[in-house]
Amino acid sequence: MVNSKCSRSAARLYFDIPCENDRLPTTEIRVGPSEEMRGNPRAQMPVLLVIIGGLGDWCVRRVLKHAMEFEKESEGKATVVVVDIHPRVDPEQDAFNQWVDEIDRWIARRLIEQSAEDVDLPPRDASGRTMKGIAWGFTERLADDPGLPDPTKIGAPGPERAIGEFKERLGDDFIAASNEDRSKLQKVVEPKISGYLADTEKQFSDDPQATVDELASRWKLARNIESFAEIKDGVVKFLVDQVVKVAHDAQKRLYNEREALKEWLQQTVSISGREAHRYWRFDLASTILYQYSSNDGKVAVPEGMLRQLAREHRIIVYAATPPEAYPGILNQWSAYAERIALEKPVAGLLEPV
Amino acid sequence: MSYKLTGPTGAAGIRTTQRVREAVEKACNNPKRVPGLPPLQVVTVDHYNTKWAVPLIEWVRRRRIADHIISRPRRVCIQVLEAGMLPRGRFLFYNGVGGAVADMVAHLMQPLRALAGYATVKEMLAAMRVVQIKRARYNLKEGKDGFVSEAFGAGTIEQDELASKLTKDTETFGVMELEFIGSPWNGTHVYIRTGKGILPQSKTIIVEGFDDDGPAALIFDIDNKCAWLANHKELSTSGSLDRLPAHRWMRTQEFHIPGLTATRPLQPRPSEYVEAFSALCDWESPDPRFFPPVDEAAYVCDFFYQQLLRDRTAYPQGLQESDNNVYPSNYSGGQVLSWLTDKAGW
């Protein structure tokens, strides 16, 4: 929850009066009935945060991980449910394991997309600074065929196969990096930097100490180097380590992150003393909200249940969907929610007609 | 409100936010609302407000650390070059006129609002005018297989159609010059360069002004969470702000800005959406500066949309088709942006 001390002190921030706490001031300008509601019993109610568009790019990219963190930090005061609005590939297949299969496919697709964006970026050190590197050509390989393996296509193979295809598309260097095949990578690196190495060798033969001083911090070399061979090994090792890290980061995203998201979305949560799956679905066409019940399978969430939830929880809705969905979401949740927050409104609200 | 476009989008029209505005109004008057609930609040989320730079700017302002620059800057330069490529998963957000540029520029108004000290972006834009815009789209190879639309809305888009949409409707690189025409920064120009698919990634805000010794600048590096004050010596010896020596970059988490006495450390900041969700779920109403109401977001959207629309109408041949606006197909994103900057005469 937000630090209330910060909120109060930050109320004066706009007038340039120093604040005691440097967190982002979030609630300093009071609007509407908020002041009058002090002492309102609803203030003590648990929060139900409803994230809509949960398997969209933005949610998988940024929001869900932070939602997990938010829920954990709230120490039970907030529960997160995720509502998906993508039409099902096959609406007839409605067993929960089929829902889970689709969750996995969408997550895998999103993570492949993100990995493709990241895979040829210059590696960064722990403080986020860009490190020196060489072009491995991953971006060019992807640009040659911009379509990525997509496990959400009808009839597409599963997520594992899509991830495998993605790695194959990045080429042998990437696979070698994934497998930490350092000897193979060394053979690839050396020709790529042969010109640089030749220049450095000449520079070293002219003035060894000055060359080492110049290169030591750049390539993380020891300062007591005595031969050019050591410099060469150090530079090659540095570059090989980089590409191995790039591949490991992609692996981590495609496997660890995928598993964590999948597991979190499959969990059941306790809402008003009842166990319910965290993952819900909203059919925009029929405007019906569905839950999955272990006993009854897919069930429409009755209006009475939502009313009860609204009486027992402060329902906050966050929607990260294309703008076409906003009217449907507003219509569905305005009877029950305290707040509805719309993501990406700026460009997203422009609609072609 | 509807517009008839010429040029790249052919006969396609663009509808603004009217449908969403009507839906918000209807939602706020929903007769089925559960009794006892407080009035419904509908807000928008701009994740740029939870980035480190915005609270830092607020911090610097309220401590009057660089008042000599901030009170009346000579000019403000904002550069946000993102490495991420556009067409993978996100492009449907960037529909219509302006595309990614309109989205990015609207985000960048948040730190600018904090710098200028306005309560809302809407108020700030009322005191600004657009001097010029230069923009370009992806020069994407067409006819590649494998693109699939989001499984939402219009259904699957044919490959050629999608490639065509991306090349024609998604403006990915842009330079924009704005001018304040109202107090407190009347006459100050703001230069914005933004684009996606550019390496190296760079997100910088430079507020240029003067101190007693001559030119000075307050510089924020959004990605690396650094800020520093540069004085005339650094500006004159380096010749360019981009080439200032790296050791001048101070970690402002420690707030050790050269020449300043305020060094109290910042508290570690939570992740962007943890912060946003905390504020949204808090009992007290979210600050409209950071969570603007839909109407305000729509105003910002319309402001840039109409400017971009006018610009596009003025150049109906579009960018890639016109002789005057063709950029070489082998240009990288960074080269396209430099090309645009040259065209703007900066």
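Worth saying up front: this structure is predicted, and the values here are computed from it rather than measured.

Here we come to the overall build of chain B. Regarding its fold elements, chain B presents 10 helices and 10 strands. Scored against the burial criterion, the 346 residues of chain B give a buried share of 62%. Of the contacts made within chain B by residues no fewer than 6 positions apart, 71% connect residues no fewer than 24 positions apart. Surface summary for chain B: the accessible area is close to 13400 Å², and the carbon and sulfur share equals 49%.

Taken together, the 8 strands give an open sheet; going across it, the order is 7(A)-6(A)-5(A)-2(A)-1(A)-8(A)-9(A)-3(B), and neighbouring strands pair in mixed fashion. Lying at the two open borders of the sheet, with one neighbouring strand each, are strand 7 (297-300) of chain A together with strand 3 (41-45) of chain B. Going from strand to strand, the sheet's axes swing by 25° on average, the running direction of each strand aside. Pairing analysis gives 4 bridges linking strand 6 (residues 288-293) of chain A to strand 7 of chain A, with the strands arranged antiparallel. Note on strand 7 of chain A: the bridge partner recorded for Y290 of chain A is A300 of chain A.

Another point: the packing of aromatic side chains. Aromatic ring pairs are described here by two measures, namely the spacing of the ring centres and the angle between the planes. As enumerated under the stated definition, the model contains 10 aromatic pairs over all chains in all. Relative to Y273 of chain B, the ring of Y318 of chain A has its centre 5.8 Å away and its plane inclined at 65°; by these criteria the two rings are edge-to-face. With Y318 of chain A in strand 8 (residues 314-319) and Y273 of chain B in helix 8 (residues 272-281), the pair connects residues from two separate chains. Y273 of chain B shares its class with Y318 of chain A; the two are buried. Joined through ring pairs, the aromatic side chains of W58, F70 and Y318 of chain A together with Y273 and F277 of chain B make up one cluster.

Cut-off values and rules
Per chain, the residues get numbers from 1 upward, laid out in the order the sequence is written. The lettering of chains begins at A and the numbering of ligands begins at 1, in the order of writing. This being a predicted model, a pLDDT of at least 70 is required before a residue's local features are given, and a value of 80 or more before pairs of side-chain atoms are given or counted; all residues contribute to the totals for chains, interfaces and linings. Computation of side-chain values covers all heavy atoms of the structure but excludes hydrogens and water. Each helix corresponds to a stretch of at least 4 residues labelled H or I by DSSP, and each strand to a stretch of at least 2 residues labelled E; elements are numbered beginning at the N terminus. For each residue, the accessible area found with a 1.4 Å probe, counting protein chains only, is set against the maximum for its type, and the residue is called buried under 20%, exposed over 50%, and partly exposed in between. We call two residues in contact when some of their heavy atoms are within 4.5 Å. Under the convention used here, a 1.4 Å probe and the Shrake-Rupley method define accessible areas, while residue burial counts only the protein chains that appear. Following DSSP output, two strands are said to pair if at least two bridges run between them. Throughout, an axis means a line fitted to C-alpha atoms (over the contacting stretch in the case of helices), and angles, computed between N-to-C directions, take values from 0 to 180 degrees. For Phe, Tyr and Trp, rings pair up if their centres lie within 6.5 Å, where Trp contributes its six-membered ring, and each pair is then called stacked (planes under 30 degrees apart), edge-to-face (over 60) or tilted (otherwise).

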